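# Working through the structure, step by step
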Amino acid sequence: MTSETAVVAPKARDYKSDYKPVWCPGCGDFSVLSSVTKAFAEIGTPKENCAVISGIGCSSRIPAYTSVYGFHGVHGRALPLATGLKVSRPELNVVATGGDGDGFSIGGNHFMHACRRNVDMVYVVMDNEVYGMTKGQASPTTAPDWDKSKLTPHGTGINPFQPLAIALAAGANFIARGFSGDPNGTAKLIADAMKHPGFSLVQILSPCVTFRPEQKDWKGMVRPAEIEATSDIGRAARRLMTDDGFNTGILYKGSRNVYRPALEESETVAEVEATFAL
Amino acid sequence: MSAETISIAVTGAGGAGVMTAGQMLLDAGAKAGWYGLMTRSSGPQIRGGEAAAFLRMSPGPVNCGDDKLHILFAFDWMNVERFAAELFLNSDTLVLCDSDAGEVPNVISSSGARVVALPLKKTVKEVEGGRINMIGLGVLGKLVGLPDEAVDAVISSALKKKGQEAIDFSKAGYKAGFDLAANVECDAALSACSTDGVERWGISGNEAAGLGGLKGGVRFVAAYPITPATEVLEWLAPNLEKVGGTLVQAEDELASIVQIIGGSFGGTPSMTATSGPGLALMMEAMGLAVASETPIVVVNVQRGGPSTGIPTKSEQSDLNIALHGLHGDAPHIVTAPNSIPDCLFTTQWSVFLAERLQTAAIVLSDQALGQSRVVCDKPADLAFIAKRDVVEANVENYERYSVTASGVSPMAIPGTPGGEYVADGLEHAPNARPSSAAEDHIEQLDKRDRKLTQFDYGNHWADIEGEGEMAVITWGSTTAPVREAIERAEAKGMKIRMISMRLLMPMQTEKFAEALKGVTKALVIEQTHSKQFFHYLKAYYDLPAEVKLFNRPGPLPMRPGEILEQIESWS
Ligand SMILES: Cc1ncc(C[n+]2csc(CCOP(=O)(O)OP(=O)(O)O)c2C)c(N)n1
Ligand code: SF4
């Protein structure tokens, strides 16, 4: 084999654009961007066959910072967009991305049904327990006593949403948690999610240094989960319902049926319309 | 005597087989060469309850109901008053009923219609495996003059799955009904006819819209059921699959609209269908399709509104939201089919336009078109096949939203090396990067506007027929009664021009002015309460000095006779 035909392994930087992020210095989303591009490089999908789809929010700005195809859509609807793309173009490596507000509040219904439909794609949620883009309101994952938002001066008083437990109950096939402070570990999780068939949820704890500065302490709180990934739904449910939200790693890996229409032509349009003839 | 066109209503309790009888009558008529139209009406019950089939048959094409009824066949009197307003009974109507059905309801007898009671139930018992709808079909077959071969063929094919015994029972029932009618006087027989070898189709507006999508190249559909649009989606589900496409049932319309944006972004022409409440939910994402220049088609089958309104009845009251429901300056396409077969043409054309112009298109059908079934000539094949302007691999300095003279910028489809870009609902620079700069905003607004306004829509923007100083201007399903009213007026020696608008956005002001040359007064016909079409015309077009409006909301359809009255009283 001559050197001209040797295939060069893609690098993470091949998947990054030269566009400067709008994020605040220190925002966790910078390293999530690195993790996503590293995962693409590890899988090695040619960049024209990758797509990053998002909704609206600070975290949802991520597609433009990659060099692959992308769609920055409307608030809350990254998953239906990614679904439409993946179902009609199954050969693409489709990654939906966004924040906890985007995915679990305005997009909550799509989240449940995307888990249930189990289309083969990855959903990366940058969870900072706050609405960053609109300047610091409580999100579905915010603790009930967080009272720093003008909108809920006494705290929300509402129990936080449990995205991973809900994903499991709704039918997701792969559930993992990462931390933005560990970009390599998170890249590995995303790559594993890409390899696993069906709908894979990767929740990434990604601090909002501006509106939740106390999240800088997450660094000392996260730990790799002690128990290996399980495919037992009962055990997974127990661990997801009882953990404190800081165990990282693959928490559930299932073998549920993947939604994948065949897209095979068996008749011409002329044959189809002939059925209207009397 | 034979009639030009005859109208028949068949009513009865759920389970009596009213719809089957109506459908068989229409199909047998079609075999014998008659055109026809069948609309259905039923009570609010999900299953069972009373039902009515309204048929109109004629040697020539029919697209709307008549304003007189020749025959009402009531298998029983169950809640017949519910349909009274739709029946158009008069003293010439022949009402057929069962001798044992009890007293004739007041709504019937007060019309002065001639009532003939036949021993239907008794005959059912006498025929082995007899069913009232086949006896009824026999009576109608005799009165209308259906050829036996046509009836035999239709019964055999409709009951093929049920086996020979069922076919024999039905034929015997038909014969018994045929004999029952031997002494019934009726002048509603149709003149003999033939198909002249032209292929005839039996199709509903909703099926036609689905087929239009398919023929236009649609291969991805996301669906959320809603009356009266569901049949578009139900027809597409199995048929898309056959041609290598797919339909996904979405969790709601917020999802279905965005799923088709995703499908289209991937390069697959994509479509959905909905009705008012669903269209309202889709509006934010329609703006995304416009801003990101992602082609999509939404077939909106209008029903009575606002809110849940009257789901099973027609109205033209989604015009405002279709034209103006998007936030921001969001030029898009709004089209409207004006007959059942035209649901095919207009939907296929809309797919072509959306793809060609990389924008969102709303097709405003309605319940009257969508859920009625017509016997028509096979529609001609059209040249409108989706053809998107796409870039080849590795084009240097590719910019997704490049500012072109036509306003259309070549699109890169995922999988194309060198075309990678991020589609965005944020305002952007030509290179697709988000931008809030004034010059980028104006440049992109201009471009998105220009590509629609500069495009040549040919003469499909409207159907313009006839000459005269008076014009009747309308759109959508009210076109059929307008056409028929004008035919009747012309038969009386009047001269009238009809303008039925198929392209409602972008507005074709110059072509409209051209179409109005020589017209001094215009009668506007629409089916809304708040005069939406009338206000639209006044806002965007130059109208003649004298303008008159005839409008009415749903559920009652417009009829040719009342439009003719408007024309005559204004001449
Ligand atoms: C329909 C709609 N409603 C509200 C908004 C305003 N909005 C933009 S981003 C956002 C919340 C984003 O929060 P999250 O998804 O957690 O992302 P983050 O900014 O924290 O990364 C909201 C409410 C919008 N863009 N669209
Ligand atoms: S506001 Fe918070 S989430 Fe948004 S960019 Fe700044 S740090 Fe990140």
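Residues numbered from 1 in each chain as written. Chains lettered and ligands numbered in written order. Predicted model: local features only at pLDDT ≥ 70, side-chain atom pairs only at ≥ 80, totals over all residues. Heavy atoms only, no water.

## Here we look at the site of ligand 1
- By nearness alone, 17 residues border ligand 1, and Cys58, Ser59, Gly101, Asp102 and Gly132 of chain A come closest of all.
- Surrounding ligand 1 is a set of residues that belongs to chains A and B.
- Between ligand 1 and the protein, one listed contact pairs an oxygen atom with a backbone N or O atom of Gly101 of chain A at 2.8 Å.
- Note that an oxygen atom of ligand 1 is positioned 2.9 Å from one of the backbone N or O atoms of Met133 of chain A.
- Computed on the free molecule, ligand 1 has an accessible area of 590 Å², of which 77% lies beneath the protein chains in the complex.
- Ranked by the residues each element gives to the shell around ligand 1, the list is headed by helix 3 (residues 100-106) of chain A, at 4 residues.
- Of the residues assigned to the shell around ligand 1, the class counts are 6 nonpolar, 8 polar and 3 charged. (Near = heavy atom within 4 Å. Polar contact = N/O pair within 3.5 Å; in protein donor to acceptor, adjacent residues only side chain to side chain. Areas by Shrake-Rupley, 256 points an atom, 1.4 Å probe, with all protein chains shown as cover. Helix = DSSP H or I, 4+ residues; strand = E, 2+ residues; numbered from the N terminus. Nonpolar A, V, L, I, M, F, W, Y, C, P; charged D, E, K, R; others polar.)

## What to know about the sheet that holds strand 7 (residues 223-224) of chain A
- The strand order across the open sheet formed by 9 strands is 7(A)-8(A)-5(A)-6(A)-4(A)-3(A)-1(A)-2(A)-17(B), and the pairing between neighbours is mixed. Bordering the open sheet on either side are strand 7 of chain A together with strand 17 (422-424) of chain B, each of which pairs with just one other strand.
- Relative to strand 6 (residues 199-205) of chain A, strand 5 (residues 174-179) of chain A runs parallel, the two being bridged by 6 bridges. Bridging from a neighbouring strand, Phe174 of chain A pairs with Ser200 of chain A of strand 6 of chain A. (Pairing = 2+ DSSP bridges.)

## Observations concerning helix 16 (residues 479-491) of chain B
Residues and elements named next belong to chain B.
- When the terminal C-alpha atoms of helix 16 are compared, their 18 Å separation across 13 residues agrees well with the 18 Å that a helix rising 1.5 Å per residue should span.
- Listed as buried for helix 16 are Thr479, Ala480, Pro481, Val482, Glu484, Ala485, Ile486 and Ala489.
- Trailing helix 16 by a residue or two, Gly493 shows a phi angle of about 95°, which is positive. (Expected span 1.5 Å × (residues − 1). Buried < 20%, exposed > 50% of the residue type's maximum accessible area, 1.4 Å probe, protein only.)

## Quick notes on the domain arrangement of chain B
Residues and elements named next belong to chain B.
- Taken domain by domain, chain B consists of domain 1 (2-190), domain 2 (202-331 + 339-377) and domain 3 (459-570).
- Look at where the C-alpha atoms of domain 2 and domain 3 centre, and you get two points 25 Å apart.
- Across the boundary between the two partners, domain 2 contributes 22 residues, which contact 20 residues of domain 3.
- Summed over both partners, the interface of domain 2 with domain 3 buries about 1,800 Å², with 64% contributed by carbon and sulfur atoms.
- Where domain 2 touches domain 3, the interface holds 1 salt bridge.
- Measuring nitrogen to oxygen at the nearest pair gives 3.1 Å for the salt bridge that ties Asp342 to Arg502.
- In this assembly, domain 2 and domain 3 are joined by 10 residue pairs in polar contact (both at pLDDT 80 or more).
- Secondary structure elements with two or more residues in the side of domain 2 that touches domain 3: helix 12 (319-324), helix 13 (342-357), strand 15 (360-366) and helix 14 (367-370).
- For the side of domain 2 that touches domain 3, the class distribution of residues is 10 nonpolar, 7 polar and 5 charged. (Domains from an automatic or database assignment. Contact = heavy atoms within 4.5 Å. Buried area = accessible area lost by both parts, 1.4 Å probe. Salt bridge = Lys/Arg side-chain N within 4 Å of Asp/Glu carboxyl O.)

## Some words on the packing of helix 8 (residues 205-216) of chain B against helix 9 (residues 230-242) of chain B
All names here are of chain B.
- Running from amino to carboxyl end, helix 8 crosses helix 9 at an angle of 45°, the nearest separation of the two axes being 8 Å. Classified by the interaxial angle, the pair formed by helix 8 and helix 9 is oblique. Here helix 8 runs over helix 9; the crossing is right-handed. Contact with helix 8, carried on its side by Asn206, Glu207, Ala209, Gly210, Leu211 and Leu214, involves Glu231, Val232, Trp235, Leu236, Asn239 and Leu240 of helix 9 and no other residues of that element.
- Partitioning the contact of helix 8 with helix 9 into residue classes produces 7 nonpolar, 3 polar and 2 charged. (Axes fitted to C-alpha atoms, helices over the stretch in contact; angles between N-to-C directions. Parallel < 35°, antiparallel > 145°, perpendicular 65-115°, else oblique. Left-handed = near helix turned anticlockwise from the far one by under 90°.)

## Let's talk about the interface of chain A and chain B
- Across the boundary between the two partners, chain A contributes 47 residues, which contact 61 residues of chain B.
- Contact with chain B buries area across many residues of chain A, yet Tyr69, Phe276 and Leu278 of chain A alone supply 20% of it, more than any other trio.
- Inspection of the chain A/chain B interface yields 4 salt bridges.
- Inspection of the chain A/chain B interface yields 21 residue pairs in polar contact (both at pLDDT 80 or more).
- Those elements that place two or more of their residues in the side of chain A that touches chain B are strand 2 (69-72), helix 2 (78-88), helix 4 (108-117) and helix 9 (269-273) of chain A.
- At 7 residues, the largest contribution of residues to the side of chain A that touches chain B is made by helix 2 of chain A.
- Its residues assigned to classes, the side of chain A that touches chain B comprises 21 nonpolar, 15 polar and 11 charged.

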